[in-house]
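Examining the three-dimensional arrangement
These are the residues of each chain, in order.
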Amino acid sequence: MRRLVSDLYVRDNCHPFKASVLVWVQLPMWVCLSLALRNLSTGACHSPTDLQGELAVGGALWFSDLTLPDSTWIIPVSLGLINLLIVEIFALRQLQAPKFQKYVTNFIRGISVVMIPIAATVPSSMALYWLGSSCVGLGHNLLLRSPRFRKLCRIPPVRSDSDTPYKDIVAAFVSKYLK
């Protein structure tokens, strides 16, 4: 059995470690960057330059001071909505998800909602980083569904690929939540 599984890994080039390597790289980087931004924003780092002062005047629009939490809650709510959108796009792809996957999906939905008040209490620099990171994740999810992009990158098609992935997402969303 092990030999057959190993042969499948080689044949399909899909070793499980390849799927988990992203977690082992991306998650520690996200935590380290978040902590670094928090330390810069709160003045916990003792650098010779006044980086905290630069963050205090380096914002834009309604969040002009990146060292303070977003009092309007625009960034935290946007973060929660983008994360929920990512989860829903993934969940809509599965027609009949196993029970365990439904639990995991609901757990991640819960984390997305809990991130809203957390993002409202941290400096805007951290929340803005989290929002940017989530937007990039959403962009990756949508871009990797594009048949043109997949062809351009020579990603081999699979049976579950669609010629109209974006229309399929909208149709699945409408049929699940609006009907």
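Residues numbered from 1 in each chain as written. Predicted model: local features only at pLDDT ≥ 70, side-chain atom pairs only at ≥ 80, totals over all residues. Heavy atoms only, no water.

In the annotation of an unreviewed UniProt entry, the chain is listed under the name Cytochrome c oxidase assembly protein COX18, mitochondrial isoform X2 and assigned to Chanos chanos. One UniProt comment on the chain, placed under Subcellular location (unreviewed entry), says "Membrane". (UniProt positions renumbered as here; feature names shortened; annotations may be inferred.)

1. As for the overall build of the chain
The helix and strand inventory of the chain stands at 8 helices and 0 strands. Tracing the chain from N to C terminus, the helices and strands come up as α-α-α-α-α-α-α-α. Its C-alpha atoms give the chain a radius of gyration of 20 Å, clearly above 16 Å, the size a compact globule of 179 residues would have. When the backbone C-alpha atoms are referred to their principal axes, the chain occupies close to 60 × 45 × 35 Å. Among the 179 residues that make up the chain, the fraction classed as buried is 24%. Taking contacts inside the chain between residues at least 6 apart in sequence as the whole, the part at least 24 apart equals 61%. Carbon together with sulfur atoms contributes 68% to the accessible area of the chain, which is approximately 12900 Å² in total. Considering the chain, the positive charge centre built from 18 side chains and the negative charge centre built from 10 side chains are found 14 Å apart. (Helix = DSSP H or I, 4+ residues; strand = E, 2+ residues; numbered from the N terminus. Rg over C-alpha atoms; globule rule 2.2 N^0.38 Å. Buried < 20%, exposed > 50% of the residue type's maximum accessible area, 1.4 Å probe, protein only. Contact = heavy atoms within 4.5 Å. Areas by Shrake-Rupley, 256 points an atom, 1.4 Å probe, with all protein chains shown as cover. Lys, Arg positive; Asp, Glu negative; His and termini not counted. Charge placed at Lys NZ, Arg CZ, Asp CG, Glu CD.)

2. A word on the nonpolar core
Note on soluble globular proteins: their nonpolar side chains tend to be buried together. In terms of nonpolar packing, the biggest core is built from 16 residues, with Leu79 and Trp130 touching the most fellow members. Not counting chain neighbours up to four residues away, the residues in contact with Trp130 comprise Trp30, Ser34, Leu79, Met115, Ile118, Ala119 and Val122. (Core = buried A, V, L, I, M, F, W, Y, C linked by side-chain atoms within 4.5 Å.)

3. A look at the environment of Trp130
Looking at the element boundaries, Trp130 is found in helix 6 (residues 124-143). A relative accessible area of 6% places Trp130 in the buried class. Residues Trp130 and Pro76 lie 54 residues apart in sequence; the distance between their C-alpha atoms is 9.1 Å.

4. Concerning the packing of aromatic side chains
One pass over the structure, following the stated rule, counts 1 aromatic pair. Ring geometry for Trp30 against Trp130: centres 5.3 Å apart, planes inclined by 25 degrees, an arrangement best described as stacked. Here Trp130 lies in helix 6 and Trp30 lies in helix 2 (residues 16-42), a separation of 100 residues in the sequence. (Phe/Tyr/Trp six-rings, centres within 6.5 Å; stacked < 30°, edge-to-face > 60°.)

5. Quick notes on the packing of helix 4 (residues 74-93) against helix 5 (residues 99-121)
Following both chains from N to C, one finds helix 4 and helix 5 inclined at 170 degrees, their axes separated by 7 Å at the closest point. If you check the angle between helix 4 and helix 5, you find them roughly antiparallel. When helix 4 is examined against helix 5, the residues Pro76, Val77, Leu79, Gly80, Asn83, Leu84, Val87, Glu88, Phe90 and Ala91 are found in contact with a partner set consisting of Gln101, Thr105, Ile108, Arg109, Ser112, Val113, Met115, Ile116, Ala119 and Ala120. (Axes fitted to C-alpha atoms, helices over the stretch in contact; angles between N-to-C directions. Parallel < 35°, antiparallel > 145°, perpendicular 65-115°, else oblique.)

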